[in-house]
Protein chains: 2
Amino acid sequence: MGHRDQGHAQRITELVDAARRQHKTTPAHWGQNEYLRLSDGYRRLARGTAVFGSSIVAGYPGIGRILALRQGLQEHFRERFWVEEKVNGYNVRIFRLQQQLVALTRGGFYCPFTTDRIPDLLDVSLFERHPDLIVCAEVAGPGQPYLESAPSFVAEDVQLFVFDLMRFNRLGFLPQGECYDIVERFALSAVRRYGAFTTDDSQQIQQILLQLNDEQREGLVFKEDSERNRRAKYVTSNSSIADIRVTAAGIVDLPPEFFTNRILRLVLFLQEQGLRHSAELSQRLGDAFLDGLAEAIEQYSEQKKVAHRYHCRFREQHNALAMIQHMDSVGSRQVQLTWQDLRFEDGYWVLEFDKLYSGMTGLLANLLSGGMVYD
Amino acid sequence: MGHRDQGHAQRITELVDAARRQHKTTPAHWGQNEYLRLSDGYRRLARGTAVFGSSIVAGYPGIGRILALRQGLQEHFRERFWVEEKVNGYNVRIFRLQQQLVALTRGGFYCPFTTDRIPDLLDVSLFERHPDLIVCAEVAGPGQPYLESAPSFVAEDVQLFVFDLMRFNRLGFLPQGECYDIVERFALSAVRRYGAFTTDDSQQIQQILLQLNDEQREGLVFKEDSERNRRAKYVTSNSSIADIRVTAAGIVDLPPEFFTNRILRLVLFLQEQGLRHSAELSQRLGDAFLDGLAEAIEQYSEQKKVAHRYHCRFREQHNALAMIQHMDSVGSRQVQLTWQDLRFEDGYWVLEFDKLYSGMTGLLANLLSGGMVYD
């Protein structure tokens, strides 16, 4: 994972052909058009790779997480590496296809929401000058439709944070220098960049992380400036607490590892920084669980359900309707999404929908009516 | 579950025969003797039912947990019910067989430790007068070999807490009155008994629970005084925090639900009592995780392993050796138990062994050497 490819179109085409022959591709829809996506990784093709006829959009490869900073950097990086902020949002790939702008989610699904908002998110003249570019970015903010949480520095709606560029029919990313040039030239909203470091700079990187932690920001991504383009990510303890706080109501719906992993990350972050946990940190961790759950119980008492309410702005009504459809087809497998409202407000179509915590709703219904559990 | 049987020997014998025919029984050993045990429940036979030739020892049936006290009592109890303290230990059944005293664990395994200590735990003349009795009890204390935790009111070694009596070849328990009589007569160390209550008394029961919570005690068991002998249990919030504290080092070894269930119980306990969580409670919950894990990391740095050390006293050396064997045969499936020391001290053979948190040990070895995880 994370190795850079020389980018021969032939290479990726062969891989896609092999994946097709082995039935690794699934049909997906983009408006009236059908395309293929990989619902799992296949050799060097990442999950979410999408095939639009002869135009292949490589999947965005997963980035491994290190939980011990110093040792992790030493273990994985040989050359200097770029350090960038990790932003808490959802991963998209944005590109132009047949004169239309399209955004795909990590899984390779067409995203009506992001697609609708592309003109708000970036300077689309980019695709006039560079029609073969694929913008890899995080969309973050309280107005996005996928996550419960948003970074505090996006006060409303959504914002784009570009971190990579790819081209059609290629594996791997544009070299960081080229990427940064294009980001500058088109004034793309990008992730914070801290420059190039080596494993000798771990003190300095720790300082950056302490600062990010104080600002309640998520963490860093490291990208080796080399052919193999090794990558890693590392998150702050406050990001772990924030995650727990916003998802505590889903404590029985999410995999329990979601919570225990974050507690472990948090402790290792403190150890790394040479900190003992303070009474204040313990209290915030405790509060994250207890406030979140108390709210869930309160919501259940009032509404007989526990759900997270989303508010998303669309430019076009038909995209909001497509999002509802998308939710029905994609969402219903794992989570129940129920449409609540669609209204025109301040120049946008505002879609409101609920993500039901069905596990928590059912559990509270059972327990609060006196149900028994055998555990 | 929990229904009282009229106790016809024929009935349980038929059930055991059927279980045998359907290969639901597993051979087990008691010294040189073989017997059969049920590793899963079978119809009305609980898991842990044990068959010694023509002497059947019924399994101790699971007791359902309610997480909302008032509603739970109302839902499940029609008649008055006995209220007893729930003690945090391991469940045993103690009886006399072929002139020997024997103790079985919940799962129906012969327990060399408990068996060895029976004369310290109760007045064995009980079995002279009542040779057909089976004493159902919790063994609790820092000197027991199964759990990480012990109630604060058992300062050292172990103590017995009797809560039920059964007879050979019977399903169900002796009526509570008879049980209490025998407990008094033989001065058996029993669980605290609060008397009989009805669902109208939930205020009073809440008061008892608040008191138990303040004293860092575990909770209550409710037993309906009726033919069907319905039962339920309910635990305090402090007991949930204590559980998390002593097992945080096992956060990746134990099922993650272990932790998330306890957080949920804790919040529901507070809601029930009409309490908002205090800053102090949040801090204790946070500390439970963070202190426990910081200790685990510290232990790993020093010893390259994360383990819980047990110290158990035996009267007889051969029982300590049998315990080591028992650990090898039973323990090794799920957890690694490694014998550390056996010495004679103050009239007892003291066995020391470690329960390895192999998941945590492996994870820290990986992470602290810079390992990457994909999550």
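## Examining the overall build of chain A
So, point 1. When helices and strands are counted, chain A shows 11 helices and 17 strands.
So, point 2. The C-alpha radius of gyration of chain A comes to 21 Å, within 12% of the 21 Å expected for a compact globule of 375 residues.
So, point 3. Each of the three principal axes of chain A carries a C-alpha extent, and together these read 65 × 55 × 45 Å.
So, point 4. Here chain A holds 375 residues, and the buried ones make up 58% of them.
So, point 5. Considering only contacts in chain A between residues 6 or more positions apart, those separated by 24 or more positions represent 68%.
So, point 6. For chain A, the exposed surface amounts to about 15,700 Å²; the carbon and sulfur share of it is 45%.
So, point 7. Computing the positive centroid from 43 side-chain charges and the negative centroid from 48, chain A places the two 6 Å apart.

## Regarding the environment of Asp120(B)
All names here are of chain B.
So, point 1. Along the chain, Asp 120 turns up in helix 3 (residues 112–121).
So, point 2. By relative accessible area, which is 32% here, Asp 120 ends up partly exposed.
So, point 3. Look past the residues within four positions of Asp 120 in its chain and what remains in contact with it is Arg 315 and Tyr 348.
So, point 4. A polar contact of 2.6 Å, which involves the side chain of Asp 120, links it to the side chain of Arg 117.
So, point 5. Polar side-chain contacts of Asp 120 include one of 2.3 Å to the side chain of Arg 315.

## What to know about the relation of the copies chain A and chain B
Relating one copy of the chain to the other takes a rotation about an axis and a shift parallel to that axis.
So, point 1. Least-squares fitting of chain A to chain B yields an RMSD of 0.1 Å, with the transformation described by 0.1 Å of translation along the axis and a rotation of 180°. The superposition of one copy onto the other is thereby described by a two-fold rotation axis. Closest approach to the rotation axis among the C-alpha atoms of chain A is made by Gln283(A), whose C-alpha sits 1.9 Å away.
So, point 2. When the interface residues of chain A are mapped onto chain B, 100% of them are again interface residues, pointing to one common binding face.

## Re the packing of helix 7 (residues 237–247) of chain B against helix 8 (residues 257–272) of chain B
A pair of packed helices is characterised by two quantities: the angle between their axes and the separation of those axes.
Residues and elements named next belong to chain B.
So, point 1. At a minimum axis distance of 8 Å, the contact between helix 7 and helix 8 shows a crossing angle of 155°. Put simply, helix 7 runs roughly antiparallel to helix 8. Pair helix 7 / helix 8 crosses with left-handed handedness. Contacts from Ser 237, Ser 240, Ile 241, Asp 243, Ile 244 and Thr 247 in helix 7 reach Phe 258, Phe 259, Arg 262, Ile 263, Arg 265, Leu 266, Phe 269 and Leu 270 in helix 8.
So, point 2. Its residues placed into classes, the contact of helix 7 with helix 8 shows 8 nonpolar, 3 polar and 3 charged.

## Thoughts on the interface of chain A and chain B
For interface size, the figure often reported is the accessible area lost on association.
So, point 1. Each partner contributes to the interface: chain A provides 56 residues, whereas chain B provides 57 residues.
So, point 2. When chain A packs against chain B, the two sides together hide about 4,600 Å² of surface, and 70% of this comes from carbon and sulfur.
So, point 3. On the chain A side of the interface with chain B, the three residues burying the most area are Leu264(A), Leu290(A) and Met372(A), jointly 14% of the side's total.
So, point 4. Run the count over chain A and chain B and you get 4 salt bridges.
So, point 5. Among the salt bridges present, the one from Asp375(A) reaches Arg265(B), with a minimum N-O distance of 3.1 Å.
So, point 6. One can count 12 residue pairs in polar contact (both at pLDDT 80 or more) joining chain A with chain B.
So, point 7. Elements with a contribution of two residues or more to the side of chain A that touches chain B: strand 5 (65–66), helix 2 (69–76), strand 13 (231–235), helix 8 (257–272), helix 9 (279–303), helix 11 (358–368) and strand 17 (372–373) of chain A.
So, point 8. Here the side of chain A that touches chain B takes 13 residues from helix 9 of chain A, the largest share from any one element.
So, point 9. Of the residues that constitute the side of chain A that touches chain B, the class distribution is 31 nonpolar, 15 polar and 10 charged.
So, point 10. In this sheet, strand 17 (residues 372–373) of chain B lies alongside strand 5 of chain A in antiparallel orientation, the contact comprising 2 bridges. Bridging across to strand 17 of chain B, Ile66(A) finds its partner in Met372(B).

## Comments concerning the sheet that holds strand 9 (residues 133–140) of chain B
All names here are of chain B.
So, point 1. The strand order across the open sheet built from 4 strands is 8-7-9-10, with neighbouring strands paired in antiparallel fashion. A single partner strand is all that each edge strand has here, and the edge strands are strand 8 (100–105) and strand 10 (159–167). Averaged over all pairs of adjacent strands, the angle between their axes in this sheet comes to 30°, without regard to strand direction.
So, point 2. Relative to strand 9, strand 7 (residues 90–97) runs antiparallel, the two sharing 5 bridges. Bridging across to strand 9, Arg 93 finds its partner in Cys 136.
So, point 3. Its contacts with the sheet put helix 3 on strand 7, strand 8, strand 9 and strand 10, and the angle it makes with strand 8 is roughly 120°.
So, point 4. Against the sheet, helix 5 (residues 176–185) touches strand 9 and strand 10, its axis set at about 135° to strand 10.

## Topic: the side chain of Asn88(A)
So, point 1. Locating Asn88(A) in the fold gives a position in the loop between strand 6 (81–86) and strand 7 (90–97).
So, point 2. In terms of polar contacts, Asn88(A) uses its side chain to reach the side chain of Ser149(A), at 2.9 Å.

## Let's talk about helix 8 of chain A
So, point 1. End to end, helix 8 of chain A covers 22 Å across 16 residues, agreeing with the expected 22 Å (1.5 Å per residue, within 8%).
So, point 2. Where helix 8 of chain A terminates, the next one or two residues include Gly274(A), which has phi positive at roughly 70°.

## Observations regarding the sheet that holds strand 14 (residues 307–314) of chain A
All names here are of chain A.
So, point 1. A sheet is described by the order of its strands in space; here 3 strands give the open sequence 14-16-15, paired in antiparallel fashion. Of all strands in the sheet, those bounded by a partner on one side alone are strand 14 and strand 15 (336–345). Taking each pair of neighbouring strands and ignoring which way they run, the sheet shows an average axis angle of 20°.
So, point 2. Examined bridge by bridge, strand 15 and strand 16 (residues 348–356) share 9 bridges and lie antiparallel to one another. Within the sheet, the bridge partner assigned to Glu 345 lies in strand 16 and is Tyr 348.
So, point 3. On top of the sheet, helix 3 (residues 112–121) reaches strand 14 and strand 16; it is set at about 40° to strand 14, its chief contact.

## Let's talk about the pairing of strand 13 of chain A
Residues and elements named next belong to chain A.
So, point 1. Among the 5 residues of strand 13, 5 are classified as buried, and the element is accordingly described as predominantly covered.
So, point 2. Of the two faces of strand 13, the one lined by Arg 231, Lys 233 and Val 235 and the one lined by Ala 232 and Tyr 234 are each fully buried.
So, point 3. Pairing analysis gives 5 bridges linking strand 12 (residues 219–224) to strand 13, with the strands arranged antiparallel. Paired with Lys 223 across the two strands is Arg 231, which belongs to strand 13.
So, point 4. In this structure, the hairpin formed by strand 12 and strand 13 is closed by a connection of 6 residues, where Asn 229 is found at a positive phi of approximately 50°.

Rules of the game
- Residues numbered from 1 in each chain as written.
- Chains lettered and ligands numbered in written order.
- Predicted model: local features only at pLDDT ≥ 70, side-chain atom pairs only at ≥ 80, totals over all residues.
- Heavy atoms only, no water.
- Helix = DSSP H or I, 4+ residues; strand = E, 2+ residues; numbered from the N terminus.
- Rg over C-alpha atoms; globule rule 2.2 N^0.38 Å.
- Buried < 20%, exposed > 50% of the residue type's maximum accessible area, 1.4 Å probe, protein only.
- Contact = heavy atoms within 4.5 Å.
- Areas by Shrake-Rupley, 256 points an atom, 1.4 Å probe, with all protein chains shown as cover.
- Lys, Arg positive; Asp, Glu negative; His and termini not counted.
- Charge placed at Lys NZ, Arg CZ, Asp CG, Glu CD.
- Polar contact = N/O pair within 3.5 Å; in protein donor to acceptor, adjacent residues only side chain to side chain.
- Least-squares fit on C-alpha atoms with pLDDT ≥ 70 in both.
- Axes fitted to C-alpha atoms, helices over the stretch in contact; angles between N-to-C directions.
- Parallel < 35°, antiparallel > 145°, perpendicular 65-115°, else oblique.
- Left-handed = near helix turned anticlockwise from the far one by under 90°.
- Nonpolar A, V, L, I, M, F, W, Y, C, P; charged D, E, K, R; others polar.
- Buried area = accessible area lost by both parts, 1.4 Å probe.
- Salt bridge = Lys/Arg side-chain N within 4 Å of Asp/Glu carboxyl O.
- Pairing = 2+ DSSP bridges.
- Expected span 1.5 Å × (residues − 1).

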